[in-house]
Protein chains: 2
Amino acid sequence: MIKTLIVFFSLISSIASAQDYYGVELRERWLLKAEKSKPQLSAEIKKPKAVVKLIEDQNSFQGWKAEKVGAISDFYEKSFKSQSSTVIDFGEHLTGYFTFSIKASQNALHGPLRLKLIFGEVPAELATPFDPYPGTLSRAWLQDEIVTLTELPAKVALSRRMSFRYLKIELLASPSNFDFKISDIQFKSVTSVVNRPDSLSSSASPMIVAIDKVGLSTLKECMQTVYEDGPKRDRRLWTGDLYLEALANAYSFKNHDLTKRCLYLLAGVSKPSGFLYPCVFEAPEPHTQEGGFLFEYSLLYNAALKEYVIATNDKETGLDLWPVAKRQVENISKHLDANGLLNTQRAERDGWWLFVDWREGLEKQASVQGIMIFSIQETLALAKLLGKENEVAYLKELETRMTKAARTLYNKESGLFLSGSAKQVSFASQCWMIISGVASKAEAQSALKAIAIKKDAVKPGTPYLMHYYITALIKCGLNKEAKSVMEDYWGGMVKKGADTFWEAYDPDNEKLSPYNFFPINSYCHAWSCTPVYFIRKYPAIFQK
Amino acid sequence: MIKTLIVFFSLISSIASAQDYYGVELRERWLLKAEKSKPQLSAEIKKPKAVVKLIEDQNSFQGWKAEKVGAISDFYEKSFKSQSSTVIDFGEHLTGYFTFSIKASQNALHGPLRLKLIFGEVPAELATPFDPYPGTLSRAWLQDEIVTLTELPAKVALSRRMSFRYLKIELLASPSNFDFKISDIQFKSVTSVVNRPDSLSSSASPMIVAIDKVGLSTLKECMQTVYEDGPKRDRRLWTGDLYLEALANAYSFKNHDLTKRCLYLLAGVSKPSGFLYPCVFEAPEPHTQEGGFLFEYSLLYNAALKEYVIATNDKETGLDLWPVAKRQVENISKHLDANGLLNTQRAERDGWWLFVDWREGLEKQASVQGIMIFSIQETLALAKLLGKENEVAYLKELETRMTKAARTLYNKESGLFLSGSAKQVSFASQCWMIISGVASKAEAQSALKAIAIKKDAVKPGTPYLMHYYITALIKCGLNKEAKSVMEDYWGGMVKKGADTFWEAYDPDNEKLSPYNFFPINSYCHAWSCTPVYFIRKYPAIFQK
């Protein structure tokens, strides 16, 4: 605690020296509040369920399935050498710490023993060689570890936190005339989830029940001492993920302190100018990845804060962080053209990252225009909750002007919103034009109906954008379609054996990866958990 | 301690159930005495000396040399990415535990970092790829470890004990747009050596001084909580190594308790029949490698015990372990033919391992015959020290008969002893026929002179046999030759840059390996340290 405080202090000092928008004292208070809201992780000991074999199968997700071939008790009884490359199935996605026992079964250990442990979230991840590694993210995210043992019997504990369902154990080297047995495989599964969510209505369909269950597992796994984006990979708090996870949490596990902590963390490590970085790392002390500024994520912070205040009625926190929300929207005018339309080129030249979705070639003008308008609306709603309307009264006019500008993106003929000079048609553009209220209800319905059958439309690449697609469908009253899209998309993952929902999922390209190597994808990803929110917020749509 | 005692007890019980020659109580007492003599290791923090580059060079040992290219302070100052595959030189051979600090130097760590650390005793070890591994011992003895870091700054400590002089640090994976610095590299060097040995006479030649220094380093490194055969590889106590190390220790570091501990350990874990296994592992509780019986090593135990009693005058221990010594020589008659000559085929069929030296094709009859006679003589000398002559009086007649039988191996024409039906001429045979007194002084001198120039003689493969070669030279008064052989052989290693003496050394084949891969050889090996003993026991020969 003392160490942390000292580090906070030095962090704050260096920010202060660059003329801090919020001031040292405020940041210090925010980070202390984040620390005070840090959850105790609960731990549960999990045992493996079966020995499985990875089988190539064109009908299975990514071409591989895991088939049960034996009981763990048999695995424990047999000497290991004949069982090298055994794959152990824990039966569910788990995040935490791995231990096992190992003892000699033939002669004493007279030279070191070397094992490789490979943890995977999905079968194909374990069936695909990691090297030579073609991916664009650090190879070290892949969860393979080498253990060298010089004494037996031993209890081995990996210090690295793992996130997985399947574990392959390979023998790399051992002395001759020696064999051994592995036993007592245990996994200490950790999460900051405490409460059980309410059960669904008995009238909910089996598919909805299944989607909800997988969504809850996804959320539970990502809820650690922050909302992590993926417990296997990245493991950091991103504002965009926070917003969606907090929505899902508010309708399920209700661990509102975690949301509070995350809101304070993001505020505490924001830029000296007061604008928010898109992510936070917790250890060894809260810090961010300097340089990156994800514009729309900074705007979504306000929506997250508003939802938190609604869910908790904790206006104290709302007021405490109000200066942050107020500051974020001040960026909105910065790169608008004379009519109030976002100039994406200028924004990107300024170093702003516009994300919207992982989908190559996606044109982002319409989407980000929509997100900006949506953020204005959310900020105004937050101001009203906190009695701060007068401080952001200017936003009303801005909203009107930007909405008017956004209307120029509407193409009456096709009934679709077009983005950028290329006049690109995408799901993303339609969704955000609808969520932001730029489209009328009738326009929204016809746009979403039209896009669904338009062959060259740019489709969503991730469950993240799919969340906003469902939101848009519900917003314009296409409730049946919302349910059907959820059953198709998230249900598609369920049918393909998902234990938790994936970071990226394109039904037509199961090996789609934003990082050029599908095993490095996260298969338990925060932003994919939101069926939990929809199913529970709109029981009439999803539970009947 | 309690755990250890419980394990002792169960070990002892299982031995007892097979009709124990010594009985449970005695073994328990021996193992407790071994535990009580266990040394406290002393630790010293060592810092790296330089950054070096490995350079291929036909004139260097095994074709590689390490050349200084930079200072450690510069290495610490520069970011690591441009310095991947840096080799750090600690300037001396060290055994112990490695730590270093690591911190970001460009952006925050936003994905895990993976490093490979490769520890090597000699330059060529680091310059030779370990995989695909062709060796016959466990690949895991090679000292490469992978470290995955998810948080920075960090202090990394490897739990595995390493033995090395050179360390290569390779970057395996890291996030993009990220760099880091390594600093504060430290090594906690451990040994059970406490005393400083006396200095050599000022008249000793620089080469003898250098050989002595390297011998002392070798011995110091191998002296841990037992006499290890090699701190990098095997790391166990072998009787043959114990004998030589204890001799060297008695003339240098004088840590006699360590010798006592080792004698008790070997006794404690001996076969139910009372015969000794050739080696002991200490952890997690003292145990041996069942099955193996190295006949001549069991006999050399008696020589080691005798030397211990002479060095310490600790007759209590001598008497305590006398039953063990008395038992070992009872094996000698077992596989003698009618004339008293060892039948090696019969012995090997009985599962006895006859070692003598690592040298393919070596015929062992004459050597082991000599070792048996030598052991009888040592046992009789021990009996005399302890007043136990009457208990082994029968050995006198056996010695006479076996010596007479051994005389039949002498070939008058060549002046050499021949071994086995192949009548093989080897250094080993001459040495042991001389040490055992089978050869007269005149025969010994002419045999050693003849073998030195005999082209097809089987030469020594290791410093282990070279020890007995020096012993034989001194025994027959070829003192100048003894010094010259030491200066040629051990001096040859010194000239080739040895920091510690090597397990195997053939001047004509630097990559000779008993295990089919020279990097797995031990380059700090117990049995190679004995110049320390000769130089200090015979100052008139070596220090003038």
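From a predicted model like this one, the values you see are computed outputs, not experimental measurements.

What follows covers the overall build of chain A. Along chain A, the regular secondary structure elements total 18 helices and 15 strands. Computed over the C-alpha atoms, the radius of gyration of chain A is 25 Å, within 12% of the 24 Å expected from 2.2 N^0.38 for a compact globule of 544 residues. Seen through its C-alpha atoms, chain A measures out along the principal axes to roughly 80 × 55 × 45 Å. The proportion of buried residues among the 544 residues of chain A is 62%. When contacts within chain A are restricted to residue pairs at least 6 apart in sequence, those whose partners lie at least 24 apart make up 76%. Carbon and sulfur atoms make up 49% of the accessible area of chain A, which amounts to about 20,700 Å² in all. Mean positive and mean negative side-chain charge positions of chain A (67 and 61 charges, respectively) differ by 2 Å.

Before going further, it helps to spend a moment on the interface of chain B and chain A. Contacts between the two partners involve 32 residues from chain B, matched on the other side by 32 residues from chain A. A buried area of about 2,500 Å², summed over both sides, lies between chain B and chain A, and 57% of it is on carbon and sulfur atoms. Considering only the surface of chain B that becomes buried against chain A, B:H110, B:P112 and B:R114 emerge as the three largest contributors, covering 21% of it. Across the chain B-chain A interface, the total number found is 4 salt bridges. Between B:R114 and A:E145 there is a salt bridge, with the nearest N and O atoms lying 3.3 Å from each other. Put simply, chain B and chain A have 12 residue pairs in polar contact (both at pLDDT 80 or more) between them. For the side of chain B that touches chain A, the secondary structure elements donating two or more residues are β5 (113-120) and β6 (143-149) of chain B. The biggest single contributor to the side of chain B that touches chain A is β6(B), with 4 residues.

With an RMSD of 0.0 Å, chain B superimposes on chain A once it is rotated by 180° and translated 0.0 Å along the axis. What the rotation and shift describe, once combined, is the action of a two-fold rotation axis. Judged by C-alpha distance, B:I146 is the residue of chain B that lies nearest the rotation axis, at 3.5 Å.

Here A:D234 is to be found in the loop between α5 (206-222) and β10 (237-238). Setting aside chain neighbours within four positions, we find A:D234 in contact with A:W141 and A:D229.

Attention now goes to the UniProt feature "domain: Glycosyl hydrolase family 78 alpha-rhamnosidase N-terminal" (unreviewed entry) in chain A. Taken from the UniProt record, the annotation "domain: Glycosyl hydrolase family 78 alpha-rhamnosidase N-terminal" (unreviewed entry) applies to residues 48-188 of chain A. Secondary structure content for residues 48-188 of chain A is 8% helix and 54% strand, and the end C-alpha separation is 11 Å.

Residues and elements named next belong to chain A. Per the domain assignment, the segments making up chain A are domain 1 (43-191) and domain 2 (206-542). Taking only C-alpha atoms, the centre of domain 1 and the centre of domain 2 are 37 Å apart. Here domain 1 meets domain 2 over a buried area of about 2,600 Å², counting both sides, of which 57% is carbon and sulfur. Counting every contact that joins domain 1 to domain 2 gives 4 salt bridges. K232 is the salt-bridge partner of E125, the closest N and O atoms lying 2.9 Å from each other. The interface formed by domain 1 and domain 2 includes 15 residue pairs in polar contact (both at pLDDT 80 or more). Elements supplying a minimum of two residues to the side of domain 1 that touches domain 2: β4 (86-106), α4 (123-127), β8 (162-173) and β9 (179-191). When residues of the side of domain 1 that touches domain 2 are assigned to their parent elements, the largest contribution, 3 residues, is made by β4. Taken together, the residues of the side of domain 1 that touches domain 2 break down into 12 nonpolar, 12 polar and 4 charged.

Quick look at the packing of α5(A) against helix α16 (residues 479-495) of chain A now. Residue and element names in this part refer to chain A. Put simply, α5 and α16 touch, their axes get as near as 10 Å, and they point 65° apart. Between α5 and α16 the crossing geometry is left-handed. Counted together, M207, I208, A210, I211 and V214 of α5 and K483, M486, E487, W490, G491, V494 and K495 of α16 form the full contact between these two elements. Counted by class, the contact of α5 with α16 contains 8 nonpolar, 1 polar and 3 charged residues.

To continue, consider the packing of aromatic side chains. For any pair of aromatic rings, geometry is given as the distance between the ring centres together with the angle between the planes. Overall, the coordinates contain 84 aromatic pairs over all chains when judged by the stated rule. Centroid distance A:Y489 to A:Y505: 5.1 Å. Interplanar angle 50°. Geometry classified as tilted. With A:Y489 in helix α16 and A:Y505 in the loop between α16 and α17 (531-537), the pair connects residues that are 16 residues apart, well separated along the chain. Like A:Y489, the residue A:Y505 is buried in the burial classification. Between B:Y21 and B:Y22 the ring centres are 4.9 Å apart and the planes differ by 90°, which places this aromatic pair in the edge-to-face class.

Attention now moves to helix α13 (residues 427-435) of chain B. Residue and element names in this part refer to chain B. Within α13, 9 of the 9 residues are buried, leaving the element largely enclosed by the surrounding structure. Buried residues of α13: F427, A428, S429, Q430, C431, W432, M433, I434 and I435, and no others. On its buried face, α13 sits against α11 (365-386), α12 (394-407), β15 (416-417), α14 (441-453) and α15 (463-475). Positive backbone phi, at 80°, marks G437, one or two positions downstream of α13.

Within this structure, the stated rule accounts for 74 salt bridges over all chains. A:K306 is paired through a salt bridge with A:E378; the nearest N and O atoms lie 3.0 Å apart. Taken together, the residues span a long stretch of sequence, with A:K306 in helix α8 (residues 295-312) and A:E378 in helix α11 (residues 365-386) at a distance of 72 residues. Among the residues examined, A:K306 registers a relative accessible area of 10% and is labelled buried. For A:E378, a relative accessible area of 8% translates into the label buried. A salt bridge links B:R261 to B:E282; the shortest N-O distance between them is 2.5 Å. Taken together, the residues B:R261 in helix α7 (residues 256-268) and B:E282 in the loop between β11 (279-280) and β12 (293-294) connect sequence positions 21 residues apart. Here B:R261 falls in the buried class, since its relative accessible area comes to 2%. Each of the salt bridges in this network shares a partner with another, and the network as a whole consists of A:R114, B:K116, B:D131, B:R139, B:D144, B:E145 and B:R160.

On to α8(A), then. Residues and elements named next belong to chain A. The end-to-end C-alpha distance of α8, which contains 18 residues, comes to 27 Å, matching closely the 26 Å that a straight helix rising 1.5 Å per residue would cover. Counted residue by residue, α8 has 14 buried out of 18 residues, so it is predominantly covered. Immediately downstream of α8, the backbone of N313 shows phi near 60°, a positive value.

Residue and element names in this part refer to chain A. One way to put it is that α8 packs onto α11 with a least axis distance of 9 Å and a crossing angle of 30°. Where α8 crosses over α11, the two elements pack in a sense that is left-handed. Along its contact with α8, which presents F295, E296, L299, L300, N302, A303, L305, K306, E307, V309 and I310, the element α11 presents V368, I371, M372, F374, S375, E378, T379, A381, L382, L385 and L386. Here the residues of the contact of α8 with α11 are counted per class, giving 15 nonpolar, 3 polar and 4 charged.

Residue and element names in this part refer to chain B. Mapping G91 onto the fold places it in strand β4 (residues 86-106). Between the C-alpha atom of G91 and that of R165, which follows or precedes it by 74 residues, the distance is 6.4 Å. Setting aside chain neighbours within four positions, we find G91 in contact with K49, R165 and D499.

Another aspect to go through is the environment of B:D241. All names here are of chain B. Following the sequence through the fold, D241 ends up in helix α6 (residues 239-250). You can call D241 buried: its relative accessible area is 2%. For the pair D241 and K65, spaced 176 residues apart in sequence, the C-alpha separation works out to 30 Å.

Here we take up the pairing of β4(A). All names here are of chain A. Note: strand β2 (residues 50-56) against β4, 3 bridges, orientation antiparallel. By the bridge assignment for β4, V51 is matched with I88. Sheet analysis places β4 next to β8, joined by 7 bridges and oriented antiparallel. Bridge assignment links G96 to a residue of β8, and that residue is M162.

Conventions adopted
- Residues numbered from 1 in each chain as written.
- Chains lettered and ligands numbered in written order.
- Predicted model: local features only at pLDDT ≥ 70, side-chain atom pairs only at ≥ 80, totals over all residues.
- Heavy atoms only, no water.
- Helix = DSSP H or I, 4+ residues; strand = E, 2+ residues; numbered from the N terminus.
- Rg over C-alpha atoms; globule rule 2.2 N^0.38 Å.
- Buried < 20%, exposed > 50% of the residue type's maximum accessible area, 1.4 Å probe, protein only.
- Contact = heavy atoms within 4.5 Å.
- Areas by Shrake-Rupley, 256 points an atom, 1.4 Å probe, with all protein chains shown as cover.
- Lys, Arg positive; Asp, Glu negative; His and termini not counted.
- Charge placed at Lys NZ, Arg CZ, Asp CG, Glu CD.
- Buried area = accessible area lost by both parts, 1.4 Å probe.
- Salt bridge = Lys/Arg side-chain N within 4 Å of Asp/Glu carboxyl O.
- Polar contact = N/O pair within 3.5 Å; in protein donor to acceptor, adjacent residues only side chain to side chain.
- Least-squares fit on C-alpha atoms with pLDDT ≥ 70 in both.
- UniProt positions renumbered as here; feature names shortened; annotations may be inferred.
- Domains from an automatic or database assignment.
- Nonpolar A, V, L, I, M, F, W, Y, C, P; charged D, E, K, R; others polar.
- Axes fitted to C-alpha atoms, helices over the stretch in contact; angles between N-to-C directions.
- Left-handed = near helix turned anticlockwise from the far one by under 90°.
- Phe/Tyr/Trp six-rings, centres within 6.5 Å; stacked < 30°, edge-to-face > 60°.
- Expected span 1.5 Å × (residues − 1).
- Pairing = 2+ DSSP bridges.

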